[in-house]
Structure formats: structure tokens, C-alpha cells
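The primary structure of each chain is shown beneath.
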Amino acid sequence: MSAFIEAASPHTMNTYGRLPIALSHGQGCRVWDINGKEYLDALAGIAVNTLGHNHPEFAPALQDQIGKMIHSCNYFHVPNQEILATKLVALSGMTNVFFCNSGLEANEAAIKLARKFGHDKGITHPKIVVYEKAFHGRSIATLSATANVKLQQGFGPMLEGFVRVPLNDIEALKNAAANDPDVVAVFFETIQGEGGINPTRADYLRDVRALCDQQDWLLMIDEVQCGIGRTGKWFAHQWSGVQPDVMPLAKGLGSGVPIGAVVAGPKAANIFQTGNHGTTFGGNPLAMRAGVETIRIMEEDSLLENAHRLGLYFKAAFEREFKDMAAVKDIRGQGLMIGIELDRPCGPLMGQALEAGLLLSITADSVIRLLPPLTMTETEADEVVVILVPLVKAFLNTPKA
Ligand SMILES: Cc1ncc(COP(=O)(O)O)c(C=O)c1O
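Summarised in this report is the structure supplied together with it. (Residues numbered from 1 in each chain as written. Predicted model: local features only at pLDDT ≥ 70, side-chain atom pairs only at ≥ 80, totals over all residues. Heavy atoms only, no water.)

Remarks on the side chain of Thr200
Phase 1 of the analysis: When you line up the elements, Thr200 lands in the loop between β9 (198-199) and α9 (202-215).
Phase 2 of the analysis: Assessed through its relative accessible area of 8%, Thr200 is described here as buried.
Phase 3 of the analysis: A polar side-chain atom of Thr200 sits 3.0 Å from the main-chain carbonyl oxygen of Glu189. (Helix = DSSP H or I, 4+ residues; strand = E, 2+ residues; numbered from the N terminus. Buried < 20%, exposed > 50% of the residue type's maximum accessible area, 1.4 Å probe, protein only. Polar contact = N/O pair within 3.5 Å; in protein donor to acceptor, adjacent residues only side chain to side chain.)

Written as C-alpha cells, this is what we have:
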């Protein structure tokens, strides 16, 4: 551990259990720490660095924007907002966008939209259906929508107005909500990220869409982690052919520049009226330029196709390598959002991978999560497999703690 890291912590709050490295720079899917050690990046800053690091077109575009204007103000029109909104509308088939700065902010806006949708219909105590193992953020409202009680501990009381059901069980949803006149929306991730890479089944998504139409509920799909091309479609729910009414986005949309967005379809696009919602930084020219350039480069470089193809490649490799290992319970996910579930907690694997020069994360205690930049090549994918597989095998060969 370097002297810098030993000395680095006294003044930042103790909110993160940090590993003992500090990254200084990156190029493509490789990053270096302040001591010069190189790592292969299969984490992308938790699904953020869509274009990898120091992309040859992205970095100069941001420099150009910084030279022109970083922040203006929502008192005025922001042309880059219109450009990015037009693009998101075209890609999603939805109609209007509100811009903010992060995933929780996008989800907070979605929750406000749902509540106002209810109030506009005369429902004074609107309820939103949320899911077991869901993660939507750490503000009080989004934490209340999140399932993990450990994260909620010490911050009660949680907000009322949420009904929780298991994923992929349409009868449970009907039983919990269909006879409750206060329910106004159903809210879930297409693939739960923090909850352990748990995909929502396509037939379930279609059933929920039909139920929302029948009951006049909003279908709100959190694509903060699984959206923006990561699964091989622009938005993960598009694999099912279903369209939501509200779709929060963040993470990969700015390829590293903080950004959030709520995309709304016709049923939700006119709920907010002037003065109902806002943010100082949201939609600033720099973040908007980052979003526009991210999408432009993704299209030019066919990164959706790359994510899809490489996802299949990774899965085939892991299935081959782990096929005789009962302790590897499941290999799941889609595109470059991959989870390998072990039969035991595997937190230490993150540090072991780091030692071996690979960035990844462990989620839901026992799931190895890979979220590489969408620019990753097949050769780099091979390297990830070559580093990770022996680590997992060695980990599983040590006696269970
Ligand atoms: C699905 C989902 N929603 C919301 C969030 C919260 O986003 P942020 O950390 O930008 O507030 C996350 C973060 O991991 C997420 O995965």
C-alpha cells in the first residue's frame, strides 16, 4: 500500500469500504494505478465508462465543450438538451425527457411522476409496486423503493407508499396490487444489477405491461445499470418488445460524466408542469455533450453489436470452463452485464482479481459481476477469462469459511 493511500482517508467520510489502490489514468479497457500497475477493466466504473477510457473521439469532444461552456442554467434553453432528448426519444420510441445528474435522481423523478399521476386522478395516497432484491438508489425515497434492509438500517422511517412483490411472479403482483385502488405504478429493473444480475423474464414484462394498461398504472423501468447498449439493445426491456411509460437512465449515458435522465412516453410526458420539478446542474451543456457523443460513437462503432456478440462469447467461455463445477450455480445476464453465481459468499475474489490485474465486482454476496466497457475486444475478453477462471477455481477449492 502506498504512502498516499495510507494517508488519504482522514477527511473523506467513511462511506466506502475501499480496496487499497488508487487509479490514475486509463486507455481503452486498461487502467493504471498511481504506482504504475496495469489492470484490465471489466467493471467500467460500475457500468459507467461505456466507451472505455480516453476514447480518441470522446475526450477531444469534451475538451471542445469545456472550451465553449460547461454550465449555463435551466432559466434558458440548452440546445444540447434538445439534441440529446431527440436522440433518446428516437432510440426508445418514447416522447419526452427530463435531465438530472445521477441514477437516484432519475428514479426520484420517476417516483414523483408516479405520485403526481395518482394525485391528478384524485388518489391522495398513491402507492408504487416495487420488487424484492431491487436497488434504486440511496436518497430516502429511492432507498425506500430499494429492497435491501441492511442499506435502510439507521435511516428510518422509510417512506410509505411502496408495495413489494417478488420478481417474475405475475400472480403475486395481481394479488398484491390489482385490488388496491391506491396503486398507480409498477417499478422495476429489467435486469437487477445490485440484487445479483437477476433478469426480468420477457413474458413477465409483457404480462405486467398488459396489467398496467388494464389497471391504468404507469409501467416504470429502471434502466440505470442495464440500459444504454449494455445488453446489446439500447434499453434492456427492448428484448421483450415492451415499452415502458417511464424509464430512468444514468450511468453509461455520459460515459463517465455524471448524468441522469427520465424518459417518458405519452402517458407520463405531461404529468410534470412548469415548476413541478427541477435541478441546478441537470442537463448542463457538458453532460449533454457527453451523452450526445457517447451515443454517436456507440452507433458509429457498432457497440451494441459488440456488446451482444461479446456477451455470448463470455458466456460460452465461462460455461465451458465451469461446466463440471457444481459450486458455480449459474451464469446469467445479457450482453456485457454478466453474473456468475457461486454457492457461497465470494467477496474476497474482488481483491484477488485486483491483485491479478483485473477489475470486477462482487454483488449480492455471491455473484461475480462483469460490466466491462462496451469497447472491449475479443482478445481482451480472452484475457479476462484467463485471469478470472483460475482465481474462481482456486477460491472454490479452498475450504468454505
Ligand atoms: C438500477 C439502479 N438504479 C439506480 C441506481 C442509483 O444510481 P446512482 O448511484 O447514480 O445514484 C443504481 C446504482 O447502482 C442502479 O444500479
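Let's talk about a nonpolar patch on the surface
Phase 1 of the analysis: A cluster of nonpolar side chains, contributed by Ile140, Phe155 and Leu159, occupies part of the molecular surface with about 270 Å² of accessible area.
Phase 2 of the analysis: If you trace the backbone, Leu159 turns up in the loop between α7 (149-152) and β6 (162-165).
Phase 3 of the analysis: In this structure Leu159 comes out as partly exposed when scored by relative accessible area, which is 34%. (Patch = residues over 30% accessible without salt bridge, like charges linked within 9 Å, V, L, I, M, F, W, Y side chains within 5 Å. Areas by Shrake-Rupley, 256 points an atom, 1.4 Å probe, with all protein chains shown as cover. Salt bridge = Lys/Arg side-chain N within 4 Å of Asp/Glu carboxyl O.)

What about unusual backbone geometry?
Phase 1 of the analysis: Between Gly156 and Pro157 the backbone carries a cis peptide bond, its omega angle lying at 0°.
Phase 2 of the analysis: Tracing the chain through its elements places Pro157 in the loop between α7 and β6.
Phase 3 of the analysis: Located in the positive-phi region is Lys133, a residue other than glycine, with phi close to 70°.
Phase 4 of the analysis: Classification of Lys133 as exposed rests on a relative accessible area of 54%.
Phase 5 of the analysis: The backbone of Ile197 sits at a positive phi, close to 55°, despite the residue not being glycine.
Phase 6 of the analysis: You can see Ile197 is positioned in the loop between β8 (191-192) and β9.
Phase 7 of the analysis: Taking relative accessible area as the criterion, Ile197 reaches 0% and is therefore assigned buried.

Points about the packing of helix α12 (residues 348-355) against helix α13 (residues 378-397)
Axis angle and axis distance: for two packed helices, these are the angle between their axes and the distance between the axes, and together they describe the pair.
Phase 1 of the analysis: Where α12 contacts α13, the axes come no closer than 10 Å and their chain directions differ by 140°. Judged by the angle between their axes, α12 and α13 are oblique. The two elements α12 and α13 meet at a crossing, and its hand is right-handed. Between α12 and α13, the residues in contact are Pro348, Leu349, Gln352 and Ala353 and Leu391, Val392 and Phe395, respectively. (Axes fitted to C-alpha atoms, helices over the stretch in contact; angles between N-to-C directions. Parallel < 35°, antiparallel > 145°, perpendicular 65-115°, else oblique. Left-handed = near helix turned anticlockwise from the far one by under 90°. Contact = heavy atoms within 4.5 Å.)

A few points about helix α3 (residues 58-68)
Phase 1 of the analysis: Of all the residues in α3, the buried ones are Phe58, Ala61, Leu62 and Gln65. Projected onto a plane normal to the axis of α3, the buried residues spread over an arc of 100° and lie on a single side. Facing away from the buried side of α3 by more than 90 degrees, the exposed set consists of Gln63 and Gly67. (Arc of directions from axis to C-beta.)

Some thoughts on the packing of aromatic side chains
Aromatic ring pairs are reported here in terms of the distance separating the ring centres and the angle at which the planes meet.
Phase 1 of the analysis: Taken as a whole and assessed by the stated rule, the structure comprises six aromatic pairs.
Phase 2 of the analysis: The interplanar angle of 75° and the centroid separation of 5.4 Å between the aromatic rings of Tyr131 and Phe188 together place this pair among those described as edge-to-face. One end of the pair, Tyr131, is in strand β5 (residues 127-131); the other, Phe188, is in strand β7 (residues 183-189), with 57 residues separating them in the sequence.
Phase 3 of the analysis: One aromatic cluster in this structure is built from Tyr131, Phe188 and Tyr204.
Phase 4 of the analysis: Above the face of the Trp239 ring, Lys233 is positioned so that its terminal group lies 4.7 Å from the ring centre. (Phe/Tyr/Trp six-rings, centres within 6.5 Å; stacked < 30°, edge-to-face > 60°. Lys NZ or Arg CZ within 6 Å of the ring centre and 35° of its normal.)

Some thoughts on the site of the ligand
Phase 1 of the analysis: For the ligand, the set of nearby residues contains 13 residues, the closest of which are Gly103, Leu104, Asp222, Gln225 and Lys251.
Phase 2 of the analysis: One of the side-chain nitrogen or oxygen atoms of Asn107 is found 3.4 Å away from a nitrogen atom of the ligand.
Phase 3 of the analysis: Here Asp222 contributes a side-chain N or O atom positioned 2.8 Å from a nitrogen atom of the ligand.
Phase 4 of the analysis: Sorting elements by how many residues they give to the shell around the ligand places helix α5 (residues 103-120) first, with three residues.
Phase 5 of the analysis: Residue composition of the shell around the ligand, by class: three nonpolar, six polar and four charged. (Near = heavy atom within 4 Å. Nonpolar A, V, L, I, M, F, W, Y, C, P; charged D, E, K, R; others polar.)

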